[in-house]
Structure formats: C-alpha cells, structure tokens
Amino acid sequence: MQLTSKELLYLDDILSLQQNMTKTLNDYATRCQDPQLKALCQNLANRCQNNFNSLLKHLS
Amino acid sequence: MYGNTQITDKDIMMNVLGNYKLAIEMLSHAAVESANESIRREYINILNSAFEDQKSVWNSVNQRGWYPVKPAQPQDIQEARNKFRQPVGMM
C-alpha cells in the first residue's frame, strides 16, 4: 500500500531517531563505567536497530 | 572541547531517558496520523516496546537515586478529592 505524504514525514523522522538512538546507545555502552548500565545500553541499542530494520521495510 | 568535564553514567542515562520520552511521543503521533493499517500496527508494536525500554531505563536511574520521586501531600490529595466530589443527586 502506498504511503501518504504525512506517513512519509513521520517515517523519515522516526527512522532518523531510531538510527541516532542506535548509534548513541552503542557509544554510551562503551562509556558507561557501571557494567549493568553498559549491558543495558548495549541491549537497548540492539532493540533500536531492530525497530529501525522493521520500519525500513515500509519504505520498500 | 568540554575542558575537563567528564560525562558521567548519570548524564548518559538521563540522556537515554530523554530520548525514550521523545521516541514515545513521536511514535504516538505517527500512529495517530497513519492511514495505512500495517504501518499503524508497526508503530503501536514499537511504541509498546519503547514503553518497556523506557521503564528499564527509569528503573535503573531510580534505583541509583538519580531520579527521586516523592509522595503527594495528604492535604493536596484531600483537596483534589473535594474538587471532584459529585454533589449527591446531581449529575
């Protein structure tokens, strides 16, 4: 099904956000001193990457 | 460039929490504005997982004392209760 112009604007914004969160969380995982927080950031980065991948399918 | 200022674990996690608050708002708006049912459902799924992730972050900062919360004052609760009390026999 074809995207509406509004859907495309939101999709673009949310893909950017998920991509930025993935990068940021991966970087934070290397910076955190607390091993629990390090693991949490790593885990959240993976989840953001998965969200990004699922959303990207709607552009094809 | 930031001098000697070191980014702490607290700074990092508060930043992550802010990102989740933003993501949840954006996903909610996107779902509301979607005409396409499959993309709408996708947003709602991602929104649900974002709520879970936001709670994990919130728990981790709250446990470390970086996001303290305090109970409402009993007199303020009573005040709200009085404000919303329905008069008997009136609707």
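Values in this document were obtained by computation on a predicted structure and should not be read as measured data.

Caption draft 1: Focus on the overall build of chain A. When helices and strands are tallied, chain A shows two helices and zero strands. For chain A, the C-alpha radius of gyration of 14 Å lies well beyond 10 Å, the compact-globule estimate for 60 residues. Here chain A holds 60 residues, and 38% of them are scored as buried. Side chains of chain A carry 6 positive and 5 negative charges; the gap between the two charge centres is 5 Å.

Caption draft 2: Representation of the packing of helix 2 (residues 35-56) of chain A against helix 1 (residues 9-32) of chain B within the structure. Closest axis-to-axis distance for the helix 2 of chain A/helix 1 of chain B pair is 12 Å, and the angle between their directions is 25°. Judged by the angle between their axes, helix 2 of chain A and helix 1 of chain B are roughly parallel. In the packing of helix 2 of chain A onto helix 1 of chain B, the handedness of the crossing is left-handed. Residues Leu37, Leu40, Cys41, Leu44 and Cys48 of chain A of helix 2 of chain A form the contact with helix 1 of chain B, whose participating residues are Asp9, Met13, Val16 and Tyr20 of chain B. In the contact of helix 2 of chain A with helix 1 of chain B, the residues fall into eight nonpolar, no polar and one charged.

Caption draft 3: Here's a closer look at the confidence of the model for chain B. All names here are of chain B. Overall, the prediction assigns chain B a mean pLDDT of 93, with 91% of residues at 70 or greater. Helix 3 (residues 74-84) is the least confidently modelled element of chain B, averaging 96 in pLDDT, while helix 1 averages 98, the highest of any element. With pTM at 0.88, the complex prediction returns an ipTM value of 0.93.

Caption draft 4: Here's a closer look at a nonpolar patch on the surface. On the surface, Leu8, Leu56 and Leu59 of chain A cluster together into a nonpolar patch covering about 250 Å² of accessible area. Among the structural elements, Leu56 of chain A can be located in helix 2.

Caption draft 5: Just the side chain of Ser34 of chain B, in detail. Here Ser34 of chain B shows up in the loop between helix 1 and helix 2 (37-63). Engagement of the side chain of Ser34 of chain B in a polar contact is seen with the backbone oxygen of Ala30 of chain B, the distance being 2.6 Å. Contacts of Ser34 of chain B, omitting those with residues within four sequence positions, involve Glu7 of chain A together with Ile39, Arg40 and Tyr43 of chain B.

Caption draft 6: Region of the structure containing the interface of chain B and chain A. Contacts between the two partners involve 30 residues from chain B, matched on the other side by 30 residues from chain A. Across the chain B to chain A interface the summed buried area is about 2600 Å²; carbon plus sulfur atoms make up 66%. Summed over the shared surface of chain B and chain A, the number is four salt bridges. Of the charged contacts, one joins Glu33 of chain B and Lys6 of chain A as a salt bridge, the two residues approaching to 3.2 Å between their closest N and O atoms. Where chain B meets chain A, there are ten residue pairs in polar contact (both at pLDDT 80 or more). Broken down by secondary-structure element, the contributors of at least two residues to the side of chain B that touches chain A are helix 1 and helix 2 of chain B. In terms of residues, the side of chain B that touches chain A owes the most to one element, helix 1 of chain B, which gives 13 residues. Split by residue class, the side of chain B that touches chain A holds 15 nonpolar, nine polar and six charged.

Procedures and definitions
Residues numbered from 1 in each chain as written. Chains lettered and ligands numbered in written order. Predicted model: local features only at pLDDT ≥ 70, side-chain atom pairs only at ≥ 80, totals over all residues. Heavy atoms only, no water. Helix = DSSP H or I, 4+ residues; strand = E, 2+ residues; numbered from the N terminus. Rg over C-alpha atoms; globule rule 2.2 N^0.38 Å. Buried < 20%, exposed > 50% of the residue type's maximum accessible area, 1.4 Å probe, protein only. Lys, Arg positive; Asp, Glu negative; His and termini not counted. Charge placed at Lys NZ, Arg CZ, Asp CG, Glu CD. Axes fitted to C-alpha atoms, helices over the stretch in contact; angles between N-to-C directions. Parallel < 35°, antiparallel > 145°, perpendicular 65-115°, else oblique. Left-handed = near helix turned anticlockwise from the far one by under 90°. Contact = heavy atoms within 4.5 Å. Nonpolar A, V, L, I, M, F, W, Y, C, P; charged D, E, K, R; others polar. pLDDT = per-residue confidence, 0-100. Patch = residues over 30% accessible without salt bridge, like charges linked within 9 Å, V, L, I, M, F, W, Y side chains within 5 Å. Areas by Shrake-Rupley, 256 points an atom, 1.4 Å probe, with all protein chains shown as cover. Salt bridge = Lys/Arg side-chain N within 4 Å of Asp/Glu carboxyl O. Polar contact = N/O pair within 3.5 Å; in protein donor to acceptor, adjacent residues only side chain to side chain. Buried area = accessible area lost by both parts, 1.4 Å probe.

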